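Observations on the model geometry
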Amino acid sequence: MAATSQDPGSSAPARWRSIGELNGLANEGRDGGDEFPPGASEWPEGLDRRSFLKRLGASLALGGLGGCMRRSNGRIVPYVIPPENAHPERPEYYATAVPVEGYARGILVESILGRPTKIEGNPDHPESLGATDAATQAAILDLYDPDRSRVPLRAGLTSTREVFAAEWAQFLSARPAGQARIALLTEPTTSPSLLREVGLMLDAFPNALWFQHTPLASYEVDGLQPDYDFSKAGVILSVGSDCLYRHPACVRYARGYAAGRRVVDGRIAASRFYAIESSPSVTGVLADVRLPASPPRMRVIMGAIDKALLGNSSWQAGLGAQESDFVGRLARDLRANGQRALCVAGEEQPMDVRRWTASLNGRLGSEGSAFRWLASARSDSNQRSRGDARALRDAIAGGAVEALVVLSSNPAYTSVALRGVIPAISKLPFSVHLGAYADETAGACAWHLPEAHFLECWGDLRAYDGTASVLQPLIEPMWNGLSALEVVRILRSGTLPDSYQIVRECWRDGAAGDFDERWNRWVRLGVADSRAAAGARAPRGPVAAPDSSTEAPGLSLLLAPDSNVLDGRSANNAWLQELPRPLTRLVWDNAALVSPSLASRLGVEDGDVIRIAARGGLVEAPALVMPGQATDCIAISIGYGRWRAGSVGNGVGFDAYQVRPDDGTWGIEGIEVTTTGRRHRLVTTQHHFAIEGRNTVRTVDAVSLVLPKPPPRTSLYGGWPRNGNAWGMSIDLSTCIGCSACVLACQAENNIPVVGKDQVSRGREMHWIRVDKYFEGAPDNPRFLSEPVPCMQCENAPCELVCPVGATVHSSEGLNDMVYNRCVGTRYCSNNCPYKVRRFNFLNYRAPADSIINLQKNPNVTVRERGVMEKCTYCVQRINAARIDAERENRPIRDGEILTACQQACPAEAIVFGNIADPSSRVSARKAEPTDYSLLEELNTRPRTTYLAKVLNVGETAS
């Protein structure tokens, strides 16, 4: 029998975690049905009892020493008299913004003794609302990356800024004043200061040309930005969109979506969500009704939707039964909701699809309510630009370029057009690349300049909604890096400038009143009181459905940015490489996603390398069977196969840019697929720490909100006395989008190490929170269910009973604490934990003592030595900090005063933490909802962490 699970007392379909498990391979992903994955034991097989006891005795004898921190033998001086205003125990927070594909997202950065250690959302910023996403959490690691460029390079050899400035001056002096043929290449940007500097440079050099390149799709439709308010939507249609996960406004969108899915006081006014997509996405799998379809088939379905909305009785022609049911239900709901209907298209969709989807909002009456048009935040950058990388290629080939300046971009890797002219770039009289790494483009240019991290320099950006932010540095550039602003000023004036003065010059122009007072307020709040993007009128009237007359048989290839490393810019970020992809649970790789039926037709399994030929390009990649994938479509993510990414990202994955057309197309039809007979090891965490088929995610219907309650259970042991605070947590599965922001927030807060692909393959990943994924229904189109699983903080904790040295103990406030210097590594606690949430650091995963990575570590959390068990602690360091503040002020801890790292990061506010002994607390209100339940409640562990069941709003089938 397959190891499945379902809601107790219900007739819900069985749940499964993989195709193998569905087919009856209950132990797929594990060796011989053992509780732990293969290789989870550090000792070799065949270890006899005598040897075991000898080693155990040595462990007990050295337990006290092994658990203690190893001190340096050198002479050290205690921190007796700290510098003025230095408070080691008290972090300071500074408002700034993180760049997101050229847009701003407001953040607060924690600084301890002058070093940034953690990023949080800025509650005063409209695109942050106090939350973040996974990529924002990981951005702090890039600051301390040892592989970052440290010195200017001239032909690969160490040089200086002064030599660079002198060589640039020599280049200009050899040409008539202002007549140098310069090509400037940047990514699209919303920075007012950078746009101003580029404009001044173009004025100073009339023959200069400005090009903009990004391998990512534009969010604009005919020069305007579509914007959505999911909180006002009664019915949602998503066409290939992942806007709740990967979008400059994704945090705001996720918050709005969650507002329409939350149970409050036993009631819910749930929106109904429909999605059509070719490959499962974080947004699409949240849909109540989801329809997988290949790109050509999607156009047919959109044509049927258009006809059904117009009342054309022939709309069902050419549709299958599932497609007909989907279109009928959707059309009925869209008409019924009118101005509460919201239609969204992904930015990777063809422009005619995006125009049609946007125009539906006008036809249905939701424009101005759930949908609006915004003036482009990048409009200023489009006025003087001469085109993209293809236009630059033509300019180089035509002899219109003598000097090439590439700022904060890597087109030698991300642009198919420029890959072919790299030899021509190397022959130009002058070429320079500004970047954080000596990457592929740096290798093609004569000069490479190290770029400052956004936390090391001044700057400015506009958010997706037009809100402007001033970016302030928290630390001096560690490697003397430059910003794009400073490089453009050097090229224009020949002076070594200060980014602070450049930004102030830009914002002083036209400023009325006391500029310094306004400037200080902007910097302090992280939001400049400048114009936001004004609402705009629709660029055109009703748009016809996309043409579906050219639907061709065969397979389609769908390219997309990777969910973690994006277009490859984060390939050297180990946190993002090791974070399991939200749906595939894949780490340290990309793969060609194929549907179960297509895998059967091709005769391939997970890890079989296939060869994909498309439009003259060729890529080989391992197959990964993905439930819910469109039958005639293969999906593969870009951003891998780098060769100059750094020690982390080099040689990881497969380069899908090789098959991407130079026009930036995301979908390619008529591809050819063949098998190679080779295998590649793919590592996923999907089967790691499985709960052995027990009851997992609970679901309820939006109409009844009825969740069967288990009978009361008795215990031989009395409950823990509650003399004060009793900490607990509630996780709402209806609003959780499965984005894993909580996982990385926990990693950044608690000094959790990266272990690498090999160790993950052995089941040794160290994340304290995992997000379990389950499938329900048929493999071609299953329902996707997500469940974040931290330590449950059980009142009847099975781990505490079996620890021989009392390393895991119960606190007076209900926390299941770990005393690291007691732990001797027996792992009995992990064996006895039914939730499998405890992690054991088999090896010394810490960075060397002199590594710059250590500057990121949170000093309020122990950096663990090898051989101890670790797990979620409800961020006890934050609890203690709040307790100290409360005691100083002689008051109780306020509700909401403590935010755990996972709670603070969650964009959907799915996680709530607080004092369950206080009946008026927010967490107590959550636990009083009728959909509240405990994970594995039949075991009577009485966890302090409980869940709200996932609410399904499927509705009735079309008649």
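1. Quick look at the state of the cysteines
A full pass over the atoms with the stated rule returns zero disulfides. For the unlinked cysteine C829, the closest cysteine sulfur is that of C803, found at 6.3 Å. By relative accessible area, which is 8% here, C829 ends up buried.

2. Quick look at the pairing of strand β32 (residues 783-789)
The buried count for β32 comes to seven of seven residues, which makes it a mostly enclosed element. Across seven bridges, strand β31 (residues 770-776) lies against β32 in antiparallel orientation. Residue pairing for β32: F775 is matched across the bridge by F784. A loop of six residues connects β31 with β32, the two strands running antiparallel in sequence, and G777 in this loop sits at a positive phi of about 105°.

3. Quick notes on helix α18 (residues 499-508)
Note that an α-helix has 3.6 residues per turn; residues three or four places apart therefore point the same way. Along α18, the positions that sit buried rather than exposed are S499, I502, V503, R504, C506 and W507. Among the structural elements, α6 (192-204), β18 (459-462), β19 (468-471), α17 (484-493) and α19 (515-525) are those in contact with the buried residues of α18. Where α18 begins, one side-chain oxygen reaches toward the backbone nitrogen of Y500, 3.1 Å away; that side chain belongs to D498.

4. Focus: the pairing of strand β10 (residues 235-239)
The buried fraction of β10 is high, at five of five residues. Here β10 shows a buried face lined by V235, L237 and V239 and a second buried face lined by I236 and S238. In this sheet, strand β11 (residues 272-277) lies alongside β10 in parallel orientation, the contact comprising five bridges. Its bridge partner being in β11, V235 is matched across the sheet by R272. Both β10 and strand β13 (residues 341-345) contribute to a ladder of five bridges, which runs parallel. For I236, the partnering residue across the bridge sits in β13 and is L342.

5. Here we look at the nonpolar core
The biggest cluster of nonpolar side chains holds 94 residues, and the ones touching the most others in it are F454, W727, Y835, Y874, L935 and Y947. The dominant element in this core, judged by the number of residues it contributes, is helix α4 (residues 134-143), at six residues. If sequence neighbours within four positions are ignored, F454 has contacts with A97, V98, P99, I107, I119, A139, L471 and Q472.

6. Examining the packing of aromatic side chains
What the rule picks out here adds up to 29 aromatic pairs. Seen from their ring centres, F371 and W373 are 5.3 Å apart, and the 85° between their planes marks the pair as edge-to-face. Considered together, F371 and W373 belong to a single accessibility category, that of buried residues. Plain terms: the ring middles of Y500 and W519 are 5.9 Å apart, the flat faces sit at 80° to each other, and that makes the pair edge-to-face. Taken together, the residues Y500 in helix α18 and W519 in helix α19 connect sequence positions 19 residues apart. Exposure remark for W519: the relative accessible area of 2% places this residue in the buried category. What links up through ring pairs into an aromatic cluster is the set W458, Y500, W507, F515, W519 and W522. Just above the ring of F842 sits the side chain of R764; from NZ or CZ to the centre is 4.2 Å.

7. Remarks on the pattern of salt bridges
Under the criterion given, the structure shown has 56 salt bridges. For the salt bridge of R290 with E277, the shortest nitrogen-to-oxygen distance reads 2.8 Å. With R290 in strand β12 (residues 289-292) and E277 in strand β11, the pair connects residues that are 13 residues apart, well separated along the chain. The exposure class assigned to E277 is buried, which follows from its relative accessible area of 3%. Across the salt bridge formed by R762 and D758, the nearest N and O atoms sit 3.1 Å from each other.

8. Quick look at the environment of R255
Tracing the sequence through the fold places R255 in helix α7 (residues 250-259). What makes R255 buried here is its relative accessible area of 17%. Here R255 is in contact with L129, A131, C906, P907 and E909, once residues within four sequence places are set aside.

9. Looking at the sheet that holds strand β17 (residues 447-450)
Within the open sheet, the seven strands sit side by side as β6-β5-β17-β16-β15-β7-β8. Their pairing is mixed. Only two strands of the sheet have a single partner each, and these edge strands are β6 (157-158) and β8 (209-212). When strand β5 (residues 153-154) meets β6, the two strands line up antiparallel, connected through two bridges. Bridge pairing links R154 to L157 in β6. Relative to β8, helix α12 (residues 389-397) is tilted by about 140°, and along the sheet it contacts β7 (182-186), β8 and β15 (403-407).

Here is what the cut-offs are and how they apply
- Residues numbered from 1 in each chain as written.
- Predicted model: local features only at pLDDT ≥ 70, side-chain atom pairs only at ≥ 80, totals over all residues.
- Heavy atoms only, no water.
- Disulfide = S-S within 2.5 Å.
- Buried < 20%, exposed > 50% of the residue type's maximum accessible area, 1.4 Å probe, protein only.
- Helix = DSSP H or I, 4+ residues; strand = E, 2+ residues; numbered from the N terminus.
- Pairing = 2+ DSSP bridges.
- Contact = heavy atoms within 4.5 Å.
- Polar contact = N/O pair within 3.5 Å; in protein donor to acceptor, adjacent residues only side chain to side chain.
- Core = buried A, V, L, I, M, F, W, Y, C linked by side-chain atoms within 4.5 Å.
- Phe/Tyr/Trp six-rings, centres within 6.5 Å; stacked < 30°, edge-to-face > 60°.
- Lys NZ or Arg CZ within 6 Å of the ring centre and 35° of its normal.
- Salt bridge = Lys/Arg side-chain N within 4 Å of Asp/Glu carboxyl O.
- Axes fitted to C-alpha atoms, helices over the stretch in contact; angles between N-to-C directions.

Purely spatial values, then, with no claim about function.
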